[in-house]
Amino acid sequence: MKSFGIMGKLWLWFKAYLSDRIQCVRVNNVTSDFMPVISGVPQGSILGPLLFVLFINNLSTNLKSALPLLFADDTKCLQPISCPEDALLFQADLDSISQWSKTSNLTFNESKCIHLHFWNFYSSEFDYTINSKLVSCKESTRDLGILITNSLNWTLHYNHIIAKCYRMLGLLRRTFSTNNVDAKRKLYLSLVRAQMMYCSQVWRPFLIKDILNLERIQRRASKYILNDFTSSYKARLLKLNLLPIMYTLELNDLIFFIKSIFLPSEHFNIFKYVTFSSTNTRSSSKQKLIHRCSSTSSHFHSYFIRIVCLWNCLPYIDLSLPFPLIKCQLFTVFGTGLLQILMTKIPVLSITSAHVQSVQLTHVQDLIIFNSNWVVGSDCLQPSALLRNPIIIIIIIIIIIIIIIII
């Protein structure tokens with residue numbers, strides 16, 4: 001602790017707090033003898049996590065090539081592998097932290113260590129070891145509550161949170177039989193919808209089937225909250241003052257982007273991935289964002305690509321204003337767009353994940369707006385105004401004819 005500048009009376013206090021501690025175990029009213037605690041920190045204490053972080057803080061200094069990611073007792077090492085030599089360097093880093101664990105008397109649990117290999121061009125079949133024990137290679141793992149696969153497909157995570165939300169919603173229905181709408185709404189927001197919002201910037205869906213599966217949770221929840229099984233979904237949303245799930249996820253994306261600007265972190269710089277335009281032209285302005293080119297489908301649907309499309313479709317946002325005022329502007333934009341969609345059948349502007357466009361609402365039963373190409377209703381799936389453009393239709397027909405001739 002002295003290496004972190006903790007000296008004098010504060011150091012003596014910590015020394016007295018951690019020294020000469022004893023503990024016992026009690027099972028079925030039978031208590032064991034007291035034994036001295038010679039290592040570790042008191043479990044359940046406020047200072048415990050801080051002391052643990054100080055204890056493992058020098059772990060990253062033992063890594064030469066791999067990038068360490070630490071959160072409490074979860075440690076990850078990332079290493080780009082483009083040739084066999086890179087795999088050997090990674091193994092050397094694993095050997096180094098294994099030695100650190102022995103020196104620190106903090107042995108790794110090899111059975112909980114896994115190897116997750118993300119590959120696009122180079123597939124490594126190197127077998128990694130920790131403490132001379134083989135690290136198992138898996139296709140998926142749970143990291144801080146998120147199910148990650150080596151293909152960056154989020155279907156497993158979607159299924160997990162959908163099942164979790166339905167279980168919680170079922171528990172609420174069995175436990176809280178009150179008719180207080182406000183109380184049930186708060187329970188839904190804090191215990192059910194919060195599950196769908198957690199880290200949504202990482203896994204937000206873009207396929208129709210996944211979007212509908214998430215939206216069905218709120219459809220069912222709105223019936224429970226209002227005890228109304230006859231009104232339409234849009235009417236229930238208006239009564240509860242709720243946004244559709246995809247609107248809420250898009251709003252989360254924007255708020256995270258604004259927070260990244262106003263509250264920058266030394267560990268994450270949003271402008272490494274997106275930048276504001278440096279020129280003013282007829283097609284862009286300095287308010288517009290620019291992203292890097294995407295070479296894979298996973299990257300194309302990632303946060304750093306869709307936030308650019310989403311931000312560029314918004315009305316002008318004054319970033320010189322305080323963060324709370326900008327947040328109010330975003331809520332106003334999304335709230336106004338929702339009211340227009342739910343309360344009118346004429347062409348309206350809908351905020352989508354690609355751009356703002358005019359959509360002819362010929363069927364507004366239980367609408368969900370999720371991207372620029374489709375309008376999804378409870379029993380319809382129809383092209384948006386973009387695909388009803390005669391020129392686009394002619395081009396598509398010509399392409400189909402050419403394909404048929406070639407075949």
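For the structure itself, look to the data block above.
What counts, and where the lines are drawn
- Residues numbered from 1 in each chain as written.
- Predicted model: local features only at pLDDT ≥ 70, side-chain atom pairs only at ≥ 80, totals over all residues.
- Heavy atoms only, no water.
- Helix = DSSP H or I, 4+ residues; strand = E, 2+ residues; numbered from the N terminus.
- Phe/Tyr/Trp six-rings, centres within 6.5 Å; stacked < 30°, edge-to-face > 60°.
- Buried < 20%, exposed > 50% of the residue type's maximum accessible area, 1.4 Å probe, protein only.
- Core = buried A, V, L, I, M, F, W, Y, C linked by side-chain atoms within 4.5 Å.
- Contact = heavy atoms within 4.5 Å.
- Salt bridge = Lys/Arg side-chain N within 4 Å of Asp/Glu carboxyl O.
- Pairing = 2+ DSSP bridges.

Asker: Can you help me understand the environment of Tyr247 in this one?
Answerer: Its place among the elements puts Tyr247 in helix H9 (residues 245–262). For the pair Tyr247 and Phe334, spaced 87 residues apart in the sequence, the C-alpha separation amounts to 7.4 Å.

Asker: I'm lost on the packing of aromatic side chains in this one. Help?
Answerer: Aromatic ring pairs: the centre-centre distance and the angle between the two ring planes describe each pair. A complete count under the given rule lists 16 aromatic pairs for this structure. On the numbers, 4.9 Å between centres and 50° between planes, the contact of Phe126 with Tyr128 is tilted. Relative to Tyr273, the ring of Phe268 lies with its centre 6.1 Å away and its plane at 20°, an arrangement referred to as stacked. Residue Tyr273 is classed as partly exposed on the basis of its relative accessible area of 33%. An aromatic cluster is defined as three or more aromatic residues linked by ring pairs; in this entry it consists of Phe256, Phe268, Tyr273, Tyr303 and Phe304.

Asker: I would appreciate a short explanation of the nonpolar core in the present structure.
Answerer: Generally speaking, nonpolar side chains in soluble globular proteins are found buried as a group. With 29 residues, the main nonpolar core has Tyr188, Val192, Met196, Trp203, Leu214, Ile217 and Ile245 as its most contacted residues. Elements with a contribution of two residues or more to this core: strand S12 (146–149), helix H4 (155–175), helix H5 (181–197), helix H7 (208–226), helix H8 (233–240) and H9. Discounting residues that sit within four places of it in the chain, Leu214 has contacts with Ile161, Ile162, Met196, Trp203, Pro205 and Ile245. In this structure, Leu254, Ile255, Val308 and Ile317 belong to the second largest nonpolar core, which totals 22 residues.

Asker: Mind showing me how you'd approach helix H11 (residues 303–312) here?
Answerer: For H11, the tally of buried residues reaches seven of 10 residues, placing the bulk of the element in the interior. Of all the residues in H11, the buried ones are Tyr303, Ile305, Arg306, Ile307, Val308, Leu310 and Trp311. Looking at the packing, one finds that the buried side of H11 touches helix H6 (200–203), H9, strand S13 (274–276), strand S14 (289–291) and helix H10 (297–300).

Asker: Please explain the pattern of salt bridges as it appears in this structure.
Answerer: Side chains that carry opposite charge are capable of pairing whenever their charged atoms lie near each other. Enumeration over the complete set of coordinates arrives at six salt bridges. Asp253 is the partner of Arg204 in a salt bridge, and the nearest nitrogen-oxygen pair spans 2.8 Å. You can see Arg204 sitting in the loop between H6 and H7 and its partner Asp253 sitting in helix H9, a full 49 residues away along the chain. For Arg204, a relative accessible area of 6% translates into the label buried.

Asker: Looking at this structure, I do not really get the pairing of S12. What am I missing?
Answerer: Along any regular strand the residues' side chains alternate between the sheet's two faces. Every second residue of S12 is oriented toward a common face, with Ile146 and Ile148 on one face and Leu147 and Thr149 on the other, all of them buried. Relative to S12, strand S11 (residues 140–143) runs antiparallel, the two being bridged by four bridges. Opposite Asp143, over in S12, you have Ile146 as the bridge partner. Two successive antiparallel strands, S11 and S12, enclose a turn made up of two residues, where Leu144 displays a positive phi of approximately 55°.

What is shown is where atoms sit, not what they do.
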